[in-house]
Amino acid sequence: MMIAVPVDNDLTFYHDNPFTAPKFAIYSIEGDKTNVSFSKSAIVENHRHLFKCNIIEESQIACDCDMDAKKDIEHICEHYSLLESISNCSYLLADKYCENTSNTLKKGGVIVFKIPTFIKDINVAIKNFLIGASLANKVQYIHNAS
């Protein structure tokens, strides 16, 4: 399985809207239920960032799309540009992302996995994903124990 992680120019986890990230680190995850390993396969440019690097709006970085933008077909279509960089991945790990990002990637076969804001290290983010995905596949019923 391949996953994408948005990174900045210093190759650290990019917590803002992945749509505005300069690059993506692509990781390969291999193994079975008892032994999982991951390794960086590539660093790819965000084609959207290269194209509009000087015109990214603050609202896009913060992922604060207003209702008009959420319904604007041009705005929705812009999100598909992410697939040019990460289409070979099954998941995108991200902190902040809008509904349009999630919907368009899902239609392209990429699921967005939410990474908590307090996680700064890419290795910890990937381990968080692996544990979360593993538990999600095994848990059948969650109840309040109190």
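1. A few points about the overall build of the protein chain
Along its length, the protein chain carries seven helices and five strands. In sequence order, the protein chain lays out its α and β elements as β-β-β-α-α-α-α-α-β-α-β-α. Within the protein chain, the proportion of its 146 residues that are buried is 38%. Contacts in the protein chain between residues at least 24 apart in sequence constitute 52% of all its contacts with a sequence separation of at least 6. When the accessible area of the protein chain is evaluated, it comes to approximately 8800 Å², of which 52% is carbon and sulfur surface.

2. Description of the confidence of the model for the protein chain
Taken residue by residue, the protein chain gives an average pLDDT of 81. The fraction at 70 or more is 77%. At the low end of the mean pLDDT range in the protein chain sits helix α2 (residues 58–61), at 53; at the high end sits strand β1 (residues 2–7), at 96.

3. Re the packing of aromatic side chains
Between two aromatic rings, the relevant description is the distance of the centres plus the angle of the planes. With the rule as written, the count across this model stands at three aromatic pairs. Centre to centre, the rings of F113 and F129 are 5.0 Å apart; their planes meet at 85 degrees, and the pair counts as edge-to-face. Here F113, found in strand β5 (residues 111–114), pairs with F129, found in helix α7 (residues 122–138); they are 16 residues apart in sequence, far enough to count as distant. Look at F129 and you get buried, because its relative accessible area is 1%. A network of ring pairs unites the aromatic residues Y91, F113 and F129 as a single cluster.

The rules behind each value
Residues numbered from 1 in each chain as written. Predicted model: local features only at pLDDT ≥ 70, side-chain atom pairs only at ≥ 80, totals over all residues. Heavy atoms only, no water. Helix = DSSP H or I, 4+ residues; strand = E, 2+ residues; numbered from the N terminus. Buried < 20%, exposed > 50% of the residue type's maximum accessible area, 1.4 Å probe, protein only. Contact = heavy atoms within 4.5 Å. Areas by Shrake-Rupley, 256 points an atom, 1.4 Å probe, with all protein chains shown as cover. pLDDT = per-residue confidence, 0-100. Phe/Tyr/Trp six-rings, centres within 6.5 Å; stacked < 30°, edge-to-face > 60°.

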